[in-house]
Amino acid sequence: MASVRTRIIQLNIVLLDADVIIDLHRLGIWEQIVKRNQVKISSIILRQEVYFYEDEQGKRHNIDLLKDAGIKFQELSIEVTIMRDFIKQFDRNIQEELHPGELEALSIIQDDKGLCFCTSDKMAIKALALIGSSSQGISFEQLLKSSGIAKKIEYKHTIEYFKKSLGEGSIMRIQSGRIK
Amino acid sequence: MPGEMKLASLLKREREALGLTLKEVSDRLGFSHYQILSSMESGNRDIKAWELANLSRIYGRDINYFLFPKQQKKEAEILWRNPAPNSQQEEVKKAFFNYCEKYRTLLKLLGEKEVENRDSLLLTEKSELLKKQSFEYVAKKASDYLNLLQLGVRPSCSLAKILEDKIGIKILYMSLPEGISGGSTISDFGMAILVNSEDAPWRRNFDLAHEFFHLITWDHFPIEQIYKKGKSDIERLANVFASAFLMPEDEIRREVEKKITSGKITYFGLIEIAQDFDVSIEALLWRLVNLDLMDKKVAIKEIAAGRLKDAEKKTRNIDIRIKKPYLSSRYISLAIRAFHLGKISKAKLAEYVGKKYSEIPTFLREHGFREDEDYTVEYSVT
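Residues numbered from 1 in each chain as written. Chains lettered and ligands numbered in written order. Predicted model: local features only at pLDDT ≥ 70, side-chain atom pairs only at ≥ 80, totals over all residues. Heavy atoms only, no water.

**A few points about the overall build of chain A**
Filter applied, for reference: Helix numbering and strand numbering both begin at the N terminus, where a helix is a DSSP run of H or I of at least 4 residues and a strand a DSSP run of E of at least 2. Note that the radius of gyration is over C-alpha atoms, with the globule rule given as 2.2 Å times the number of residues to the power 0.38. Each residue is assigned to one of three classes by its accessible area relative to the maximum for its type, calculated with a 1.4 Å probe on protein chains only: buried under 20%, partly exposed between the two thresholds, exposed over 50%. Residue contacts follow a heavy-atom distance rule, with two residues in contact if any of their heavy atoms lie within 4.5 Å. With residues, only the protein chains shown are counted as cover, and all accessible areas are computed by Shrake-Rupley using a 1.4 Å probe.
Tallying secondary structure elements over chain A gives 9 helices and 7 strands in all. Its C-alpha atoms give chain A a radius of gyration of 17 Å, within 12% of the compact-globule value 16 Å for 180 residues. Along the three orthogonal principal directions, the C-alpha set of chain A runs to about 65 × 35 × 30 Å. When burial is assessed residue by residue, chain A has 55% of its 180 residues classed as buried. Considering only contacts in chain A between residues 6 or more positions apart, those separated by 24 or more positions represent 68%. When the accessible area of chain A is evaluated, it comes to approximately 8300 Å², of which 50% is carbon and sulfur surface.

**Description of the environment of K126(A)**
Following the sequence through the fold, K126(A) ends up in helix α7 (residues 122-130). Judged by its relative accessible area of 8%, K126(A) falls in the buried class.

**Comments concerning the sheet that holds strand β4 (residues 190-196) of chain B**
Residues and elements named next belong to chain B. Let me state the cut-off plainly: DSSP calls a pair of strands paired once it identifies at least 2 bridges connecting them. Think of each axis as a best-fit line through the C-alpha atoms, taken over the contacting stretch in the case of a helix, with angles from 0 to 180 degrees between the N-to-C directions.
Strand order in the open sheet formed by 4 strands is β1-β3-β4-β2, and the pairing between neighbours is mixed. The two strands at the open ends of the sheet, each matched to only one other strand, are β1 (79-80) and β2 (170-174). Where strand β3 (residues 183-187) meets β4, 5 bridges bridge the pair, whose relative direction is antiparallel. By the bridge assignment for β4, T185 is matched with A192. Running over the sheet, helix α11 (residues 201-216) touches β1, β2, β3 and β4 and is turned about 155° from β4.

**Notes on the packing of aromatic side chains**
Residue and element names in this part refer to chain B. What counts is decided by this rule: Aromatic rings from Phe, Tyr and Trp, with only the six-membered ring used for Trp, were paired whenever their centres fell within 6.5 Å, and each pair was classed as stacked if the ring planes differed by under 30 degrees, edge-to-face if by over 60, and tilted otherwise. Charge-over-ring contacts are defined here by two conditions on Lys NZ or Arg CZ: a distance within 6 Å of the ring centre and an angle within 35 degrees of the ring normal.
Tallied over the entire structure, the rule returns 16 aromatic pairs over all chains. Centroid distance F212 to F241: 6.1 Å. Interplanar angle 50°. Geometry classified as tilted. Of the two residues, F212 sits in helix α11 while F241 sits in helix α13 (residues 233-246), which places them 29 residues apart along the sequence. The buried category is assigned to F212, whose relative accessible area is 0%. For F241, a relative accessible area of 0% puts it in the buried group. On the basis of an interplanar angle of 25° and a centroid distance of 5.1 Å, the ring pair of F241 and F245 is categorised as stacked. One end of the pair, F241, and the other, F245, are both in helix α13, 4 residues apart, so they sit about a helical turn from each other. What links up through ring pairs into an aromatic cluster is the set Y145, F212, F213, F241 and F245. One cation-aromatic arrangement involves K102 over Y352; the distance from NZ or CZ to the ring centre is 5.9 Å.

**Notes on the packing of helix α15 (residues 267-277) of chain B against helix α16 (residues 281-290) of chain B**
Residues and elements named next belong to chain B. So the rule is basically this: In these notes the angle categories are as follows: under 35 degrees is roughly parallel, over 145 is roughly antiparallel, 65 to 115 is roughly perpendicular, and the rest is oblique. We call Asp, Glu, Lys and Arg charged. Ala, Val, Leu, Ile, Met, Phe, Trp, Tyr, Cys and Pro are nonpolar, and the rest, Gly among them, are polar.
Close contact between α15 and α16 brings their axes to 9 Å; oriented N to C, the two are set at 100°. Relative to α16, the element α15 lies roughly perpendicular. Of the residues in α16, those in contact with L270, I271, I273 and A274 of α15 are I281, L284, L285 and L288. A breakdown of the residues in the contact of α15 with α16 according to their chemical character gives 8 nonpolar, no polar and no charged.

**Overview of the interface of chain A and chain B**
Heads up, the rule is: Throughout, the accessible surface (probe 1.4 Å) given up by two parts as they are put together, summed over both, is called the buried area. What counts as a salt bridge is simple: a side-chain nitrogen of Lys or Arg found within 4 Å of a carboxyl oxygen of Asp or Glu. Here a polar contact means two N or O atoms within 3.5 Å. Within protein one must be a hydrogen donor candidate and the other an acceptor candidate, and residues neighboring in sequence count only if both atoms are side-chain atoms.
Facing the 42 residues of chain A at the interface are 41 residues of chain B. Across the chain A/chain B interface, buried area totals approximately 3700 Å², and carbon plus sulfur atoms make up 50% of it. Where chain A packs against chain B, one counts 3 salt bridges. Measuring nitrogen to oxygen at the nearest pair gives 2.6 Å for the salt bridge that ties R60(A) to E359(B). Linking chain A with chain B are 19 residue pairs in polar contact (both at pLDDT 80 or more). Mapped by element, the contributors of at least two residues to the side of chain A that touches chain B are α1 (18-26), α3 (43-49), β3 (52-54), α4 (80-87), α5 (93-97), α6 (100-111) and α7 of chain A. Here the residues of the side of chain A that touches chain B are counted per class, giving 14 nonpolar, 7 polar and 21 charged.

**Brief notes about the pairing of β4(B)**
All names here are of chain B. Most of β4 sits inside the fold, with 7 of its 7 residues counted as buried. Both β2 and β4 contribute to a ladder of 5 bridges, which runs parallel. Along β4, the bridge assignment pairs Y173 with V195. If you look at the hairpin formed by β3 and β4, you'll find 2 residues sitting between the two strands.

**Focus on the packing of helix α2 (residues 22-29) of chain B against helix α3 (residues 34-41) of chain B**
Residue and element names in this part refer to chain B. Where α2 meets α3, the closest approach of the two axes is 8 Å, and the angle between their N-to-C directions is 110°. The pairing of α2 with α3 is recorded here as roughly perpendicular in orientation. Listed contacts from α3 to L22, K23, V25, S26 and L29 of α2 are Y34, L37, S38 and E41. For the contact of α2 with α3, the residue count by class is 5 nonpolar, 2 polar and 2 charged.

**Digging into helix α17 (residues 296-305) of chain B**
Two or three places before K297(B), at the start of α17(B), stands the capping residue D295(B), its side-chain oxygen 3.1 Å from that residue's backbone nitrogen. Following α17(B) by one or two positions, G306(B) has its phi on the positive side, about 75°.

**Concerning the sheet that holds strand β6 (residues 116-118) of chain A**
Residue and element names in this part refer to chain A. The sheet built from 5 strands is open, its strands ordered β5-β2-β1-β6-β7 with parallel pairing. Of all strands in the sheet, those bounded by a partner on one side alone are β5 (74-76) and β7 (137-138). Here β6 runs beside β7; their pairing, made up of 2 bridges, is parallel. Counted as the bridge partner of F117 is G137 from β7.

**Quick look at unusual backbone geometry**
Residues and elements named next belong to chain B. Here the phi dihedral of S262 falls at roughly 50°; this positive angle occurs in a residue that is not glycine. Locating S262 in the fold gives a position in the loop between α14 (249-259) and α15. Non-glycine residue D292 carries a positive phi angle of around 60°. For D292, the location among the structural elements is in the loop between α16 and α17.

So this is what it looks like as structure tokens:
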């Protein structure tokens, strides 16, 4: 009887940032990730930021995500009042540092403790710590590992980079009085 | 809810100010019917964050302008070079002010001091400007400012950099639609100059010097006075200032002297001097007239004939083809630094530099940076 090797893959319920979506496409593993995880994307990121990526030669490769919304992943959106209340928790700098897409994503994360946020953006990771949701953060490397995918990745996608940025965010949370 | 009604009316006001119909905006948003937008504007429909984000883009505003509307104070004015009303002028003005605000924010996020000290720059003697011999006075002042700013013998070479880095004037180069000129302003964000990046380099230099004059005399002349029918005296003074500022008298005399043979200067000689000082041939001819080095009638005839201008276009074609400036190198540098130091996110960087999110890796490479490198290293200096 042939033996069947099985690997336990942890299913993430994960909200993806723009950078992560783009690099999943660049690496050709988008389909695997959406199959192996419950993927969610916030509306502003979906509708404003992820349209294509450019390779080293500057050649554009289109990404058409909207056609898969509700099929391969779920789109999450919030109302303006929710976003405003979220921003009001912090000093005014947060509006200058983060894009509305990230503010929307972080607002969703703060509201849903069962959701992870996967990002490789230093400022977004720092903000995750700032809102006290470090435990809901997941690096690109972790996402790949937990999905059983091995790929060579850039430094910004590593667990090390993620932890380092979370650390900076935690200091910001404790020291700078950024939270009202 | 009062806050939401305020947002609703603000959205309506912004759309109307740009002369856009409900249908036009709805189409750009991808709404199936304009009534959705109409309901938003009347406060009868909750607005999603993504809808507001898209509307902010269409209206050329930062989303925070709608999220946290401030007490409406009188908006600053731009002193346009060409004040002819244009339907796109309002859009350009918004975009310009938006970048000026962002410029100030970047300085704040990076802990950079605003170097500007406007008081020390102001041209104080208004009475001198109103006298009959004010042209001589302005030319003399241009020379004083050249020394003050240490612009050297070829001011065009370093003018933009000195005004931006040393004085702290926010200079922004934008591709302006036809019929819209550059201009200058003073507002909460400080002194700022808008330059048309489509113009030839020598034209941009002249514009900078011209607008600099307006900034140092800002308090003396109300905008309406400058906009008086036709070319007002103040505009003429600004041109005299720019001319003397970019073409220092001693240097022009020296260069002309070198090129004179039997009391005449050749066609090539003039073009070479204009290129040397990076000014237009027309500006050079007027400077020669003002310095009594050329007869006014000869200059007028030459300018009208357009021969020199044609030659200038051909010989300086290469300069026009050089990459056009985008926003400003200092502004771009601040934005990239803020991103690499983790002060702003990548999506925010895209917003600051007016690029699409996906274009950022290429944009960084074009400016000599890589997204994945660590630029946070610090070195000890003694």
